[in-house]
Amino acid sequence: MMYKSRRYWRATVTAAAMILGVVSMASAQAGKAAKPKPKATPVGHFKLTAPDLVAKGRIALPHVYNGMGCNGQNISPALQWSNAPAGTKSFAVTMYDPDAPTGSGWWHWVMYNIPSATTSLPDGAGNGRNAPSGSVQGMTDFGTKGYGGPCPPVGDKPHHYHITVFALKVDKLDVPGNATSAMVGYNLNANKLGTARVTALYGR
């Protein structure tokens, strides 16, 4: 009987040790699972700034249209952008007024095939002055190519002017030279990797 009791005691101790071992391993695994994962490094946000404009601020006379009752200088504003999405092969810039009383808004500026190494446009680039090599000025709703500044109807509430930079996955847009702004816009949205925007106001 004594022999059996010792054997039983040894078996019990061995079983208990095995159970403790399993519990310890489970606790260790649980500790590893509960350990917080390191936070991923945030990717830079694609950002556009316009040194001559203030977001939701008034557009100054140098950038206002010259004609149709407006007496601005019609110079495109300087733009700067950073942190474009990976894989960007070219850029495009548009300026659009959704408040124009046309039923479809008004395109004031369409510029595309801007080389991927570009990170800024000087003032007047939309007028053909120091524009990036290879870039193309598209048709606007003024019926001409290049920048056309704000000129809303007298008495309207200030219109919103959205200036947008498109980061594109193609080197060049496959559009004809006389493509409408809507056609260019369709191709921009079909090939965009990301956009950055500033909005300014103008009324008279």
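Bear in mind that the values here come from a model prediction, so they are computed numbers and not experimental data.

A. Summary view of the overall build of the protein chain. On a plain count of helices and strands, the protein chain comes out with two helices and ten strands. Ordered by position from the N terminus, the helices and strands of the protein chain form the series α-β-β-β-β-β-β-β-β-β-α-β. For the protein chain, the proportion of its 204 residues judged to be buried stands at 39%. At a minimum sequence separation of 6, the contacts of the protein chain that also span at least 24 residues come to 71%. In the structure as shown, the protein chain presents an accessible area of about 12,100 Å², 58% of it carried by carbon and sulfur atoms.

B. Layout of the side chain of Ser90. Structurally, the position occupied by Ser90 is in strand S5 (residues 90-97). Among the polar contacts made by the side chain of Ser90, one reaches the main-chain carbonyl oxygen of Val170 at a distance of 2.6 Å. When sequence neighbours within four positions are dropped, the list of residues in contact with Ser90 reads Ile114, Ser116, Phe166, Ala167, Leu168, Val170 and Asp171.

C. Fine view of the environment of Ser135. Within the secondary structure, Ser135 sits in the loop between strand S7 (120-121) and strand S8 (136-137). Between the C-alpha atom of Ser135 and that of Phe91, which follows or precedes it by 44 residues, the distance is 9.1 Å. In this structure the side chain of Ser135 is engaged in a polar contact, spanning 2.7 Å, whose partner is the backbone oxygen of Pro132.

D. Looking closely at the nonpolar core. Residues Leu79, Trp81, Val93 and Leu121 are the most contacted members of the largest nonpolar core, which totals 29 residues. Sequence-distant contacts of Leu79, that is, excluding residues within four places in its chain, are made with Leu48, Thr49, Ala50, Pro51, Val93, Trp109, Thr119, Ser120, Leu121 and Ile163. Counting eleven residues, the second-largest nonpolar core is a separate cluster that includes Trp107, Leu168, Val175 and Val184.

E. Molecular detail of the sheet that holds strand S4 (residues 79-82). The three strands lie next to each other as S1-S4-S7, forming an open sheet whose pairing is antiparallel. At either margin of the open sheet sits one strand with a lone partner, and together these are strand S1 (47-49) and S7. With two bridges connecting them, S4 and S7 associate as antiparallel partners. Following the sheet pairing, Leu79 is matched in S7 by Leu121.

F. Spatial organisation of the state of the cysteines. All told, the structure shown has one disulfide when counted by the stated rule. Bridging Cys70 to Cys151, the disulfide has an S-S length of 2.1 Å. Around the S-S axis, the bridge from Cys70 to Cys151 shows a dihedral of about 100° and counts as right-handed. Residue Cys70 is located in strand S3 (residues 70-71), and its partner Cys151 is located in the loop between S8 and strand S9 (159-168); the two are separated by 81 residues in the primary sequence. Here Cys151 falls in the buried class, since its relative accessible area comes to 12%.

G. Local environment of the pairing of S9. In terms of burial, S9 is largely enclosed, as nine of its ten residues are buried. For S5 and S9, the ladder comprises seven bridges, and the chain directions are antiparallel. Looking at the pairing, Phe91 lines up with Ala167 of S9. Strand direction decides the pairing type here: S9 and strand S10 (residues 192-202), joined by ten bridges, are antiparallel. Counterpart to Ile163 in the pairing with S10 is Val198.

H. Focus on the sheet that holds S9. If you walk across this open sheet you meet the five strands as S8-S6-S5-S9-S10, and the pairing is antiparallel. Each edge of the open sheet is held by one strand with a lone partner, namely S8 and S10.

I. Molecular detail of helix H2 (residues 181-191). When H2 is considered as a whole, its buried residues turn out to be Ser181, Val184, Gly185, Asn187, Leu188 and Asn191. What you see down the axis of H2 is that its buried residues fit within an arc of 165°, all on one side. Those residues of H2 that are exposed and aimed more than 90 degrees away from the buried face are Ala182 and Tyr186.

Procedures and definitions
Residues numbered from 1 in each chain as written. Predicted model: local features only at pLDDT ≥ 70, side-chain atom pairs only at ≥ 80, totals over all residues. Heavy atoms only, no water. Helix = DSSP H or I, 4+ residues; strand = E, 2+ residues; numbered from the N terminus. Buried < 20%, exposed > 50% of the residue type's maximum accessible area, 1.4 Å probe, protein only. Contact = heavy atoms within 4.5 Å. Areas by Shrake-Rupley, 256 points an atom, 1.4 Å probe, with all protein chains shown as cover. Polar contact = N/O pair within 3.5 Å; in protein donor to acceptor, adjacent residues only side chain to side chain. Core = buried A, V, L, I, M, F, W, Y, C linked by side-chain atoms within 4.5 Å. Pairing = 2+ DSSP bridges. Disulfide = S-S within 2.5 Å. Arc of directions from axis to C-beta.

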